[in-house]
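Each chain, written out:
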Amino acid sequence: MNPLKTNNADGAPSDMQHQTIIEPFRIKVVEPIRMSSESEREAHLQEAFYNPFLLHSSDVIIDLLTDSGTSAMSAEQWAGIMRGDESYAGASSWLRLEKVIQDLTGCPYILPTHQGRAAEHLLYTRLGGEGKVFFSNTLFDTTRANIEYSGATGIDLPIPENADTQSYFPFKGNLDIDRLKTGIAEWGAEKVAAVVLTVTNNSGGGQPVSLANAREVAEVCKQNGIMFLLDACRVAENAYFIQHREKGNEDKSYRDIAREMFALADGAIMSAKKDGLVNMGGFLALRDLELARACRTVLIITEGYSTYGGLSGRDMEAIATGLEEVFDPDYLHYRISSTGYLGRKLTDLGIPLLQPPGGHAVYIDARMLYPHIPVEQYPGQALVCELYRLGGIRSCEIGSVMFGKYAEDGSLIPAQMELVRLAIPRRVYTQSHLDYVIETFGEILERADQVSGYKIDWEPPFLRHFTGRFSPI
Ligand code: F0G
């Protein structure tokens, strides 16, 4: 019997032989973390205008800003860095990467890019344009930006369960099929440029999408002659959830589940900075030759020749190996269990979070944690600053700082939710690092009612969360 196959109450697998799930790797290279005092951190916060994006990483103790490009590479990947073939055309590193991606996605045409958004730009400027629409479970910000930049409209159609942060529905990342059908009828199928399924659904809480939902989306697209695309940057983590939560998939390997999902789609975009287990890279995979040719022309003009895109040969070696390692059952079990561990311990403490924990991140509901701070005073920004002040922990506000807009009278139109994301880099932190985060949340809770809100002192016209300046009220 496979000991990993037994599920406990919250759907997470448990090892029947051992209670403790260990990091399935030894550490060969280390990077020092510099400890700091609360008063030092208060000074750093002031210098950074209370915006964690403006902190120096050397002043951060645990960096949970993003899981993107922050993975630790394996010994095999570092060996690949030495083997990288830096030839301009037809490098062996490219041929290897191309084959790995073809085998995984089943798509014949592969275009390498320096990261996910570069692939988005190639494809969505081609498919988009004025009068076109893209439907999605939830578009990631750069995806939406590329779609809107082309003149097209992006519409998110998550299932209703997604809006309830306390619902334990197992596939909260699913796309609402009824709303998709209505949307297609309203716009007319010829106006629909594509349906994009983001797996896992990052902006919707890192929640998984079921195979059944992907099949239904594929079927609706097929019936209407619409292109179906996967935003697949966390497809291995999504496959883990399918194996453990969706009936009929218990005996399939994670890789086969991912391949089954890719097989449903007409193409895929992947930022390799997530489940590719590398620091930089991405690709576009397509089944249609004409579309691939058109995108390849722009690839060569903007990224690089078609056998390297924006990548070095060594990068391509590391991605090829990362895409194989990420489906290792011990790795994925540790990965999802460690995010689940953080989520479960924080829930036990009484920290309100988006349930159940996602694959790559835990999302805290800052409005529930700080009910006394009005949304106009950005409760998420208050939590992000508290986490740094008390523990040197860097996190990311995903609320009205990131998504809030202004009405004509200058009042705030708040985001739907005031979340703070704790994104876990892959293979970087151990359980004791997470225990430290959990301990810090104990202090956060003790001081919760003394925390004040924040105001914006300066903001740029776009993407204010990156460079905006704040101060406590
Ligand atoms: N799609 C999704 C679902 C993503 O999460 C990201 C990046 C991208 C596309 C774009 O990829 O960064 O390689 O250009 N997400 C990062 C994050 C930035 O922190 O969630 P990229």
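Owing to the predicted nature of the structure, the values given are computational and were not obtained by experimental measurement.

Some words on the pattern of salt bridges
Thinking step 1. Counted according to the given criterion, the structure contains 24 salt bridges.
Thinking step 2. For R426, the salt bridge goes to D67, with nearest N and O atoms at 2.9 Å. Pair noted here: R426 is in the loop between strand 14 (419–423) and helix 16 (431–446) and D67 is in the loop between strand 1 (62–63) and helix 2 (75–83), with a separation of 359 residues, a long-range link. For the pair R426 and D67, a shared accessibility class is recorded, and that class is buried.
Thinking step 3. Close ionic contact of E76 with R83 constitutes a salt bridge, the shortest N to O distance being 3.4 Å.
Thinking step 4. Judged by its relative accessible area of 44%, E76 falls in the partly exposed class.
Thinking step 5. A cluster of three or more residues bridged by salt bridges with shared partners is formed by D67, R234, E237, D275, R335 and R426.

Focus on the site of the ligand
Thinking step 1. What surrounds the ligand is a group of 17 residues, the closest being T66, R117, D231, S271 and K274.
Thinking step 2. Here N202 contributes a side-chain N or O atom positioned 2.8 Å from an oxygen atom of the ligand.
Thinking step 3. One of the side-chain nitrogen or oxygen atoms of R234 is found 3.0 Å away from an oxygen atom of the ligand.
Thinking step 4. Here the ligand has 470 Å² of accessible area as a free molecule, and 93% of this is covered by the chains.
Thinking step 5. Among the elements that take part in the shell around the ligand, helix 4 (residues 116–127) stands out by supplying 3 residues, more than any other.
Thinking step 6. A per-class count over the shell around the ligand returns 2 nonpolar, 8 polar and 7 charged.

Focus: the domain arrangement of the protein chain
Thinking step 1. Looking at the protein chain, the domain boundaries give domain 1 (4–60 + 328–472) and domain 2 (75–325).
Thinking step 2. In this structure, domain 1 and domain 2 have C-alpha centres spaced 26 Å apart.
Thinking step 3. Listed per partner, the contact involves 31 residues of domain 1 and 32 residues of domain 2.
Thinking step 4. At the boundary of domain 1 with domain 2, total buried surface from both sides reaches about 2600 Å², with 55% on carbon and sulfur atoms.
Thinking step 5. R335 is paired through a salt bridge with E237; the nearest N and O atoms lie 2.8 Å apart.

Topic: a negative patch on the surface
Thinking step 1. A grouping of D435, E439, E443 and E446 is seen on the molecular surface, where their side chains present a negatively charged patch.
Thinking step 2. Looking at the element boundaries, D435 is found in helix 16.
Thinking step 3. For D435, a relative accessible area of 31% corresponds to the partly exposed category.

Comments concerning the sheet that holds strand 5 (residues 192–198)
Thinking step 1. In spatial order, the strands read 2-8-7-6-5-3-4; together these 7 strands make up an open sheet with mixed pairing. Strand pairing shows two members of the sheet lacking a second neighbour, strand 2 (109–113) and strand 4 (153–156), which therefore form its edges. Averaged over all pairs of adjacent strands, the angle between strand axes in this sheet comes to 20°, irrespective of strand direction.
Thinking step 2. Looking at chain direction, strand 5 and strand 6 (residues 228–231) are connected through 4 bridges and run parallel. Its bridge partner lying in strand 6, L197 is registered against L230.
Thinking step 3. Taken strand by strand, helix 5 (residues 141–149) contacts strand 3 (133–136), strand 4 and strand 6, and its axis lies near 145° from that of strand 4.

Rules used in this analysis
Residues numbered from 1 in each chain as written. Predicted model: local features only at pLDDT ≥ 70, side-chain atom pairs only at ≥ 80, totals over all residues. Heavy atoms only, no water. Salt bridge = Lys/Arg side-chain N within 4 Å of Asp/Glu carboxyl O. Helix = DSSP H or I, 4+ residues; strand = E, 2+ residues; numbered from the N terminus. Buried < 20%, exposed > 50% of the residue type's maximum accessible area, 1.4 Å probe, protein only. Near = heavy atom within 4 Å. Polar contact = N/O pair within 3.5 Å; in protein donor to acceptor, adjacent residues only side chain to side chain. Areas by Shrake-Rupley, 256 points an atom, 1.4 Å probe, with all protein chains shown as cover. Nonpolar A, V, L, I, M, F, W, Y, C, P; charged D, E, K, R; others polar. Domains from an automatic or database assignment. Contact = heavy atoms within 4.5 Å. Buried area = accessible area lost by both parts, 1.4 Å probe. Patch = residues over 30% accessible without salt bridge, like charges linked within 9 Å, V, L, I, M, F, W, Y side chains within 5 Å. Lys, Arg positive; Asp, Glu negative; His and termini not counted. Charge placed at Lys NZ, Arg CZ, Asp CG, Glu CD. Pairing = 2+ DSSP bridges. Axes fitted to C-alpha atoms, helices over the stretch in contact; angles between N-to-C directions.

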